[in-house]
Every structure is written in C-alpha cells, then in structure tokens.
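# Survey of secondary and tertiary structure
Below are the chains, spelled out letter by letter.
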Amino acid sequence: MTTAFRAPAARDLVLGTPYRVLSGDGDEALMMFSAGPHGVLLVGIAHQPPDLRAVGDGWSTMFKTRPDTPQDYTLTEWRNGRRVRAVRIANEPYNLTEAQPLGEGYVLSCPRCRRESDMEIEKNGRIYDAAGRLAGEIVLGDGIKCMLATRDGHIWVGYSDDGVIGNAVGNGGGSFGWDEPLGRSGLVKWSRDGEMLYEYAAPDEASTIYECCAMTVDAVGDLWCYYYDSFRLLCVRESGKVQQWNPGIGNAHTMAVAWPYVALLGDEQEDYLCHLVKLENNGASRVAAKFRLHTAQGQPITQGRVTACGSAIHILHEGEVFSLDVADCVANAP
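Residues numbered from 1 in each chain as written. Predicted model: local features only at pLDDT ≥ 70, side-chain atom pairs only at ≥ 80, totals over all residues. Heavy atoms only, no water.

## As for the sheet that holds strand S13 (residues 125-128)
Spatially, the 4 strands line up as an open sheet ordered S9-S10-S13-S14, and their pairing is antiparallel. For this open sheet the edge positions go to strand S9 (98-102) and strand S14 (134-138), each flanked by a neighbour on one side alone. Across the sheet, the mean angle from the axis of one strand to that of its neighbour is 20 degrees, orientation sign disregarded. Note: strand S10 (residues 105-109) against S13, 4 bridges, orientation antiparallel. Bridged to tyrosine 106 within S13 is tyrosine 128. (Pairing = 2+ DSSP bridges. Helix = DSSP H or I, 4+ residues; strand = E, 2+ residues; numbered from the N terminus. Axes fitted to C-alpha atoms, helices over the stretch in contact; angles between N-to-C directions.)

Okay, here's the thing in structure tokens:
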C-alpha cells in the first residue's frame, strides 16, 4: 500500500565530479553502458557502424540480431571512476547491447532471440573471458530489457512485453518465433550454463509483470524489480521470499536501492526526476523527496544513457559519467 500524504516539492541536487569515459566528439558507437556488482561500470563500443535494423514486410523495421558482417567491440571496465582494463572482442556475430561482469570475465547479450524450432534457437547470451575469448554461448530468450549479474555468478534477466507475451506471429515481419517465451514470467534467474534457476510467479493479476522497467541487485544479493503495468516494486530475497510495494510512481526507468530507501528515476512528466521512496516491511511506502539533477556548473541533466546497480545510478552525459547514490538523496531529503 502507499501511505497518503502531501508529496514533497522537487529540490535541486548537484551531482559530484564526473569522469570521462568517451571522447565526446560523437564518433564512438556506444552499444553497452551497464553497471554491475562490485562497483563495476562497463562501456562497450562498436568498431564498425552498427547494423541494427532490418526491413520487414510492409516496410516496418525490427531489431536485427546479427549484423551482415560480424562486429568488433571494445569493452572497457571502470571501477570507482578508474579505468581497470579494456577487452577487445572480435568477430562477434550478434548485436550486443548489455554487459555484466561474470567471474573473471563477462556476459554480454543481444536483446532479441530468434527461435526457428526447439533445436534452432539463437544463443544470445555471450560469455567471454578477460582476454576477449568466447568462453560460452547460452540461450537467454527473446525480449531482454534488463540484465544483471550477481556476485556468485548468476544472471538475472528482466523481459520486455515481447519477451513476456511472445511473438510467434509477427506484425510486419516482426516474428521471432516464440509462442511460449522463456521470459513469460517477466523475471528469470539463470546460471552461467544457461539453466533456469528461478522464475517469478505472480500471486495475483495485479502482480503480473508485463514488462520489467528497471532492476537492481542490492548489497546482500536480493533482486529488485520495478514493473509495468501496475508500476509496483518487488524484491526477491535470497531466501526466495518475495515482497512488494506500490510507490505510486509511473514510468520510472532506473532504480537503485539501499534499504529502506529506493531511488526511482523518471515519471510520467519528467524522465530525469529522481524520487526517493521510503519502504516499510509491512508493504507501505511514501515518497520522501524529489530531486532535479544538475551538474556543478548548474546545467540540468535531462538526457543521457542511464544504468544502475546496488545503491548507485550512473548517468552518461556528454561523454562523462555522473553518479548518484541513494545516500546522496537521503542526505539531501527534507
């Protein structure tokens, strides 16, 4: 339930000193911008012009899982604003958009996955070692919206409506062949070998995930998800227990958590308005503060790529990364 009270007015919040991860000249083809556990931030650049869209029937377009020519990527790992290493990934046959640290290497994913038959399914989960060598291929299913790895080497995937509802009969050539999609529950935990370890089970219709809008994994390994169409928050504890809250905020796209607070970025009116929500164990919640984000020079942050893991949200703005921790929001709340 959501506690009824007068919502606070939005405050200005100045973000800390950024660090540069891109040249800022617009020449780099950014494909991956992903936060992971242990404070890792991964930035993936394509070396050839991205080949992402294919024309379907009726001149509609759909995401192209494989470019006509294999792509080369550079995946750069950052920790706490410091560049740790850059890994060259050569001749990758899939268009990759998400990346996570996995052991000493990485798992990368293509958001779409074609199924021709039970024996012919694209392996859109790509596991690489620290030297950029392919170490494994797994099926993660179609319609990947969010992906996060855990400290113990598991992979959480949240799915879009395509991944939940399926698309065996496409519109304008948009079929990917799934009448019973792997992501039909909206939220799945995978092993690095591609075994399904957990599948969310909605206790009622209002708790059905039609699209996972945002995810994060907290400091103790619990998975948090904010989902459409009820715009609820859920937490899957390591024990398997599931808790839910209704924060009363629609259309957020990014979240970070440090119990008992959650930061949600975006709503129906403003994409970069930050909501600090306080949660109670009994399912109650309230918006404790709202913030409009600014640089130290007073420039409002209203665009850029965004990612989050744990208690931190990272915003890529004009080639620089600005970070916002839940603790910053709590410290500046009224």
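## Quick notes on the pairing of strand S8 (residues 82-92)
Two elements, strand S7 (residues 71-79) and S8, share 8 bridges in a ladder whose sense is antiparallel. Bridging across to S8, arginine 79 finds its partner in arginine 82. Here S7 hands over to S8 after 2 residues, with asparagine 80 in that stretch at a positive phi of 50 degrees.

## With respect to the environment of aspartate 68
By the element assignment, aspartate 68 lies in the loop between strand S6 (61-63) and S7. Exposure remark for aspartate 68: the relative accessible area of 65% places this residue in the exposed category. Expressed as a C-alpha distance, the spacing of aspartate 68 and histidine 253, which sit 185 residues apart in the sequence, is 31 Å. A distance of 2.9 Å separates polar atoms of two side chains, one belonging to aspartate 68 and the other to lysine 64. (Buried < 20%, exposed > 50% of the residue type's maximum accessible area, 1.4 Å probe, protein only. Polar contact = N/O pair within 3.5 Å; in protein donor to acceptor, adjacent residues only side chain to side chain.)

## Points about the sheet that holds strand S17 (residues 187-190)
Pairing within the open sheet is antiparallel, and its 4 strands lie in the order S15-S16-S17-S18. For this open sheet the edge positions go to strand S15 (144-149) and strand S18 (196-199), each flanked by a neighbour on one side alone. Neighbour-to-neighbour, the strand axes of the sheet open up by a mean angle of 20 degrees, direction not taken into account. Note: S17 against S18, 3 bridges, orientation antiparallel. Note that in S18 the partner of valine 188 across the bridge is glutamate 199.

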